[in-house]
Amino acid sequence: MEILVCIKQVPGTTKIEVDPITGVLKRDGVDSKMNPYDLFAIETALRIKEQEGGTIKVISMGPPQAKDVIKEAFMMGADEGALVSDRKFAGADVLATSYTISQGVRKMGDFDLILCGKQTTDGDTAQVGPEMAEYLEIPHIANVLKIIEIKEKSVVVEMDMPNTLEIAEIQFPCLLTVEKDIFQPRLPSYRKKISTKDRDIKIISLNDFEDKDEKRYGLTGSPTQVERIFPPSANNDRETWTGTGAQLSFKIAEKLKQLKFV
């Protein structure tokens with residue numbers, strides 16, 4: 001089975017600056033990590049490979065430093081990896097990102113199964129996986145909680161819906177986005193780190209795509225743009241009171257009235 005896992009490098013801290021003009025996050029020089037949900041997708045791929053055999057490839061989109069998460073995927077057991085990277089992709093919204101990655105997937109070849117984490121911790125939209133499937137013209141299922149059975153031409157899964165658990169069968173090739181409770185991700189292997197440290201990571205740029213129309217990518221190709229974004233303000237004001245229960249109750253009531261909560 002040919003399996004592709006989509007992974008992303010996300011900020012490892014909440015202290016991120018925002019570009020005041022474009023409204024996008026400034027990622028340069030910021031500590032980063034693999035998107036936590038993508039670890040569950042990689043583990044799902046590894047479990048399927050152990051059961052059915054095959055090859056696991058990973059793809060990521062981002063600046064050159066995003067190679068680090070591909071190397072981490074190698075340390076977990078992925079066989080090959082590619083990075084979709086070009087300055088012309090910068091500032092992409094979910095639609096432009098989905099289209100860009102789908103073009104990268106087409107460049108990498110044909111796959112029976114594409115796996116994505118449910119969402120990313122920097123965007124939390126949970127839209128990229130399903131939108132990619134639409135661009136690739138393959139069926140998809142989101143919020144997969146369990147792989148029930150893998151058949152010759154299909155896979156049976158359990159979906160975590162808002163109020164119910166649903167079971168569905170989907171034909172290959174297909175795309176699944178997985179929940180965090182599907183499997184416990186394994187730790188990266190130091191032996192695999194040593195054995196894969198020189199493994200090639202293919203760089204895919206706009207010139208490699210079938211569709212080279214720059215208007216489809218990056219900030220230019222994004223139909224939605226952030227009007228305003230800002231970090232939440234921190235309020236560290238506090239007061240310490242002492243007294244009897246009756247006295248403290250009276251003070252709390254007066255404070256709530258003062259703040260116009262009551």
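Our subject in this report is the structure included herewith. Only a predicted model underlies this, so the values are computations on that prediction, with no experimental measurement involved. Chains are numbered independently. Their residues run from 1 in the order of the written sequence. pLDDT decides what is reported in this predicted model: residues at 70 or higher carry local features, side-chain atom pairs at 80 or more are listed and counted, and totals for whole chains, interfaces and linings draw on all residues regardless. Here the side-chain values reflect all heavy atoms present in the structure, with hydrogen atoms and water set aside.

**What to know about the nonpolar core**
Within this scheme, the nonpolar core is defined by two criteria: the residues are buried Ala, Val, Leu, Ile, Met, Phe, Trp, Tyr or Cys, and they are joined through side-chain atoms within 4.5 Å. Categorising residues by exposure relies on relative accessible area from a 1.4 Å probe, with only protein chains included: less than 20% of the type maximum marks a residue as buried, more than 50% marks it as exposed, and the intermediate range marks it as partly exposed. Residues Val5, Ile7, Leu115, Val155 and Leu176 are the most contacted members of the largest nonpolar core, which totals 37 residues. Runs of E in the DSSP output that reach at least two residues are strands. Runs of H or I that reach at least four are helices, and both are numbered from the N terminus. Of all the elements, helix H1 (residues 36-52) adds the most residues to this core, at 6 residues. Only heavy atoms matter for contacts: two residues are in contact if any of them lie within 4.5 Å across the pair. Those residues in contact with Ile7 that lie beyond four places of it in its chain are Met34, Asp38, Ile42, Val58, Ile59, Ser60, Met61, Val69, Ile70 and Ala73. Judged by nonpolar contacts, the second largest core, of 23 residues, contains Ile59, Phe89, Val105 and Ile114.

**Side note on the side chain of Gln119**
Its place among the elements puts Gln119 in the loop between strand S6 (113-117) and helix H4 (128-136). Looking at Gln119, the relative accessible area reads 18%, which means it is buried. N or O atoms within 3.5 Å of each other form a polar contact, as long as, within protein, one can give a hydrogen and the other can take it, and as long as residues adjacent in sequence are counted only when both atoms are side-chain atoms. For Gln119, the side chain forms a polar contact with the side chain of Asp124, separated by 3.0 Å. What Gln119 contacts, discounting residues up to four positions off in sequence, is Asn35, Tyr37, Asp124 and Ala126.

**Comments concerning H4**
Every buried residue of H4 is accounted for by Gly129, Glu131, Met132, Ala133 and Leu136. Residues of H4 that are buried in the fold lie against strand S1 (2-7), helix H3 (94-108), S6, strand S7 (140-150) and strand S10 (174-178). Phi for Glu137, located one or two positions after H4, is positive at around 60 degrees.

**Concerning the sheet that holds strand S9 (residues 165-171)**
Each strand in a sheet pairs with its neighbour through backbone hydrogen bonds, running either in the same direction (parallel) or in the opposite one (antiparallel). The 9 strands are arranged S9-S8-S7-S10-S6-S1-S4-S5-S11 in an open sheet whose pairing can be described as mixed. Edge strands, defined here as strands with exactly one partner in the open sheet, are S9 and strand S11 (202-204). Across the sheet, the axes of successive neighbouring strands diverge by a mean angle of 35 degrees, strand direction being ignored. Strands were regarded as paired on the criterion that DSSP finds at least two bridges between them. Where S1 meets S6, 4 bridges bridge the pair, whose relative direction is parallel. What sits directly across from Ile3, in S6, is Leu113. Axis angles are defined between N-to-C directions and span 0 to 180 degrees, where every axis is a line fitted to C-alpha atoms and, for a helix, only to the segment in contact. Against the sheet, H4 makes contact with S1, S6, S7 and S10, and its axis sits at roughly 180 degrees relative to S10, the strand it touches most.

**Topic: the environment of Leu256**
Here Leu256 shows up in helix H6 (residues 245-258). Sequence separation of Leu256 and Asn163 is 93 residues, and the distance between their C-alpha atoms is 37 Å. For Leu256, the contacting residues outside a window of four places in its chain are Phe261 and Val262.

**Remarks on the pairing of strand S8 (residues 154-160)**
With 6 of its 7 residues buried, S8 lies for the most part within the structure. With 5 bridges connecting them, S7 and S8 associate as antiparallel partners. Within the sheet, the bridge partner assigned to Ile150 lies in S8 and is Val155. In this structure, the hairpin formed by S7 and S8 is closed by a connection of 3 residues.

**Overview of a nonpolar patch on the surface**
Where nonpolar side chains cluster on the molecular surface, the patch consists of Trp241, Ile252, Leu256, Leu259, Phe261 and Val262 and spans about 590 Å² of accessible area. Within the fold, Ile252 resides in helix H6. By definition, no residue in a patch forms a salt bridge, and every one has over 30% relative accessible area; like charges are joined within 9 Å, nonpolar side chains (Val, Leu, Ile, Met, Phe, Trp, Tyr) within 5 Å. Exposure was quantified through the Shrake-Rupley algorithm and a 1.4 Å probe, taking into account, for residues, occlusion by the shown protein chains and nothing else. A pairing counts as a salt bridge when a side-chain nitrogen of Lys or Arg comes within 4 Å of a carboxyl oxygen of Asp or Glu.

**Here's the deal with H1**
Side chains that are three or four residues apart share a direction in an α-helix, a result of its 3.6 residues per turn. Spanning 17 residues, H1 covers 25 Å between terminal C-alpha atoms, matching the ideal 24 Å at 1.5 Å per step. Burial in H1 covers these residues: Tyr37, Asp38, Phe40, Ala41, Ile42, Glu43, Thr44, Ala45, Leu46 and Ile48. Gly53, located one to two residues past H1, shows a positive phi value of around 80 degrees. The span one expects for a helix is its residue count, reduced by one, times 1.5 Å.

**Observations concerning the packing of H1 against helix H2 (residues 67-76)**
Two elements in contact, H1 and H2, have axes separated by 11 Å at closest approach and are oriented at 35 degrees. Taken as a pair, H1 and H2 cross one another with a handedness that is right-handed. Residues Leu39, Ile42 and Leu46 of H1 form the contact with H2, whose own contacting residues are Glu72, Ala73 and Met76. Of the residues in the contact of H1 with H2, the class split is 5 nonpolar, no polar and 1 charged. Take the far helix as the reference: if the near one is turned anticlockwise from it by less than a right angle, the crossing is left-handed, and if turned clockwise, right-handed. Think of it as three bins: nonpolar holds Ala, Val, Leu, Ile, Met, Phe, Trp, Tyr, Cys and Pro, charged holds Asp, Glu, Lys and Arg, and polar takes everything else, Gly as well.

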